[in-house]
Amino acid sequence: MAAVVVSVHDVAPATFDESREWVQLLDHYGICATLLVVPGPWESDGLQSSPAFIDWLHKAASKGHEVSLHGWEHRGVADPNGPGVASPWAVTRRSYGRMIARGCGEFHNLGRVEAKRRLRAGLHEMRTAGFEPVGFTPPGWLASHDAIGAMRQLGFAYTTTQWAVLDFIGNRRLPIPALSQRPGSPLTAAAGLANEQIIRRRLRGGRSVRVALHPRDLDHRALIDSTERTF
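Residues numbered from 1 in each chain as written. Predicted model: local features only at pLDDT ≥ 70, side-chain atom pairs only at ≥ 80, totals over all residues. Heavy atoms only, no water.

**Student:** Explain the packing of helix α1 (residues 16–28) against helix α2 (residues 51–62) to me, please; I cannot follow it from the model alone.
**Tutor:** The relative placement of two packed helices is expressed as an angle between their axes plus a distance between the axes. Two numbers describe how α1 lies on α2: the axes approach to 11 Å, and their chain directions differ by 15°. Relative to α2, the element α1 lies roughly parallel. As for the relative orientation of α1 and α2, their crossing is left-handed in sense. Residues Phe16, Ser19, Arg20 and Val23 of α1 lie in contact with α2, whose contacting residues are Ala52, Phe53 and Trp56. Partitioning the contact of α1 with α2 into residue classes produces five nonpolar, one polar and one charged. (Axes fitted to C-alpha atoms, helices over the stretch in contact; angles between N-to-C directions. Helix = DSSP H or I, 4+ residues; strand = E, 2+ residues; numbered from the N terminus. Parallel < 35°, antiparallel > 145°, perpendicular 65-115°, else oblique. Left-handed = near helix turned anticlockwise from the far one by under 90°. Contact = heavy atoms within 4.5 Å. Nonpolar A, V, L, I, M, F, W, Y, C, P; charged D, E, K, R; others polar.)

As structure tokens, then:
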């Protein structure tokens, strides 16, 4: 059965107000979402710095929202393998990551050792706060082959790209694209309307779709209205 799968990105103490606002709206429509938590030092001292935020996350989970892991510090890594002369492919890949993820593609170029270190750090913080995330969505949906291997080795059940869900348990690739708003762009309102049309077409065709909500979307009334019309 086709469905709209909703995720709230960049959930962290630094975005407490925005995250809570999105979840309140989703609760109003009876929608359970995946809350993508950044547990490390991203625009704050990290997850443990806010007991009130942790308490709110537990309350959200008790209502049926999934608490998932979304990187460690949500920042791109300039030289993940140390200094050296980058290949043309590496330079192109970094440029692509900066364009798509706007500087937050943390796992885009990581080797397996560094990917594991960051994943373990995130898991440790989440477990300390009383959560056991089964899924991992990399910032910007960008992850290297080694990073995906590290996710498998650490026992995650799934990860996501912008175009699919990778089911590690069933060893399947589920082609369900994620639609995201681009707040701050001259085309923001038009993109919101376009997303509405894509969602309707996919559902009419019996195909599921994912909708990604971000804190900055709340700065635009048109994006909020567009999102509500898809629920």
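From this point on, the discussion continues.
**Student:** How should I be thinking about α1 in this particular structure?
**Tutor:** Side chains that are three or four residues apart share a direction in an α-helix, a result of its 3.6 residues per turn. The terminal C-alpha atoms of α1, which comprises 13 residues, lie 18 Å apart, in line with the 18 Å expected from a rise of 1.5 Å per residue. Within α1, the full set of buried residues consists of Phe16, Ser19, Trp22, Val23, Leu25 and Leu26. Phi turns positive, to about 70°, at glycine 30, one or two residues after α1. (Expected span 1.5 Å × (residues − 1). Buried < 20%, exposed > 50% of the residue type's maximum accessible area, 1.4 Å probe, protein only.)

**Student:** Any chance you could explain helix α4 (residues 112–128) here in plain terms?
**Tutor:** End to end, α4 covers 24 Å across 17 residues, agreeing with the expected 24 Å (1.5 Å per residue, within 8%). Where α4 is buried, its residues contact β2 (34–37), β3 (66–69), β4 (135–136) and α5 (145–153). Two residues or fewer after α4 comes glycine 130, characterised by a positive phi angle close to 95°.

**Student:** Could you clarify how one ought to interpret the side chain of threonine 34 in this entry?
**Tutor:** Looking at the element boundaries, threonine 34 is found in strand β2. One polar contact links threonine 34 to glutamate 66, side chain to side chain, over a distance of 3.3 Å. For threonine 34, the residues in contact, after removing those within four places along its chain, are Val6, Ser7, Val8, Glu66, Ser68 and Tyr158. (Polar contact = N/O pair within 3.5 Å; in protein donor to acceptor, adjacent residues only side chain to side chain.)

**Student:** Got a minute to help me understand the confidence of the model for the protein chain in this structure?
**Tutor:** Low-pLDDT stretches of the model should not have their predicted coordinates read in fine detail. Scored by pLDDT, the protein chain comes out at a mean of 88, with 86% of its residues at no less than 70. Residue range residues 82–93 is modelled with pLDDT below 50. Its contacts to residues more than four positions away, or to other chains, number six contacts. Every residue in residues 95–99 is under pLDDT 50, and counting partners more than four places away or in other chains gives eight contacts. (pLDDT = per-residue confidence, 0-100.)

**Student:** Mind showing me how you'd approach the pattern of salt bridges here?
**Tutor:** Pairing between side chains becomes possible if they bear opposite charge and their charged atoms approach one another. Tallied over the entire structure, the rule returns 15 salt bridges. For arginine 118, the salt bridge is made with glutamate 73, and the minimal N-O distance between the two is 3.2 Å. On the criterion of sequence distance, the pair formed by arginine 118 in helix α4 and glutamate 73 in the loop between β3 and α3 (88–101) is long-range, its members being 45 residues apart. For the pair arginine 118 and glutamate 73, a shared accessibility class is recorded, and that class is buried. One salt bridge connects glutamate 196 with arginine 229, and the closest N-O pair in it is separated by 2.7 Å. With glutamate 196 in helix α6 (residues 188–204) and arginine 229 in helix α7 (residues 221–230), this residue pair connects regions lying 33 residues apart in the sequence. By relative accessible area, glutamate 196 is classed as buried at 4%. Classification of arginine 229 by relative accessible area gives partly exposed; the value is 43%. One connected set of salt bridges, linked through shared partners, spans Glu73, Arg75, Glu106, Glu114, Arg117 and Arg118. (Salt bridge = Lys/Arg side-chain N within 4 Å of Asp/Glu carboxyl O.)

**Student:** What's the story with the nonpolar core in this structure? I'm lost.
**Tutor:** Across soluble globular proteins, nonpolar side chains show a tendency to be buried alongside one another. By size, the foremost hydrophobic cluster in this structure holds 44 residues, and its most contacted members are Leu35 and Leu57. Listing elements by their share of this core, those giving two or more residues are β1 (4–11), α1, β2, α2, β3, α4, α5 and β9 (209–213). Excluding residues within four positions of it along the chain, leucine 57 makes contact with Val11, Leu35, Val37, Leu47, Val67 and Phe131. (Core = buried A, V, L, I, M, F, W, Y, C linked by side-chain atoms within 4.5 Å.)

**Student:** Sorry, what's going on with the pairing of β1 here?
**Tutor:** A regular strand carries its side chains on alternate faces of the sheet. Of all eight residues making up β1, six are buried, and the element is well covered by its neighbours. With five bridges connecting them, β1 and β9 associate as parallel partners. Of the residues in β9, the one forming a bridge with valine 4 is valine 209. As paired elements, β1 and β2 share three bridges and run parallel to each other. The residue of β2 that forms the bridge with valine 11 is valine 37. Note that the unit made of β1, α1 and β2 has a crossover that is right-handed. (Pairing = 2+ DSSP bridges. Right-handed = clockwise from strand over helix to strand, strands pointing away.)

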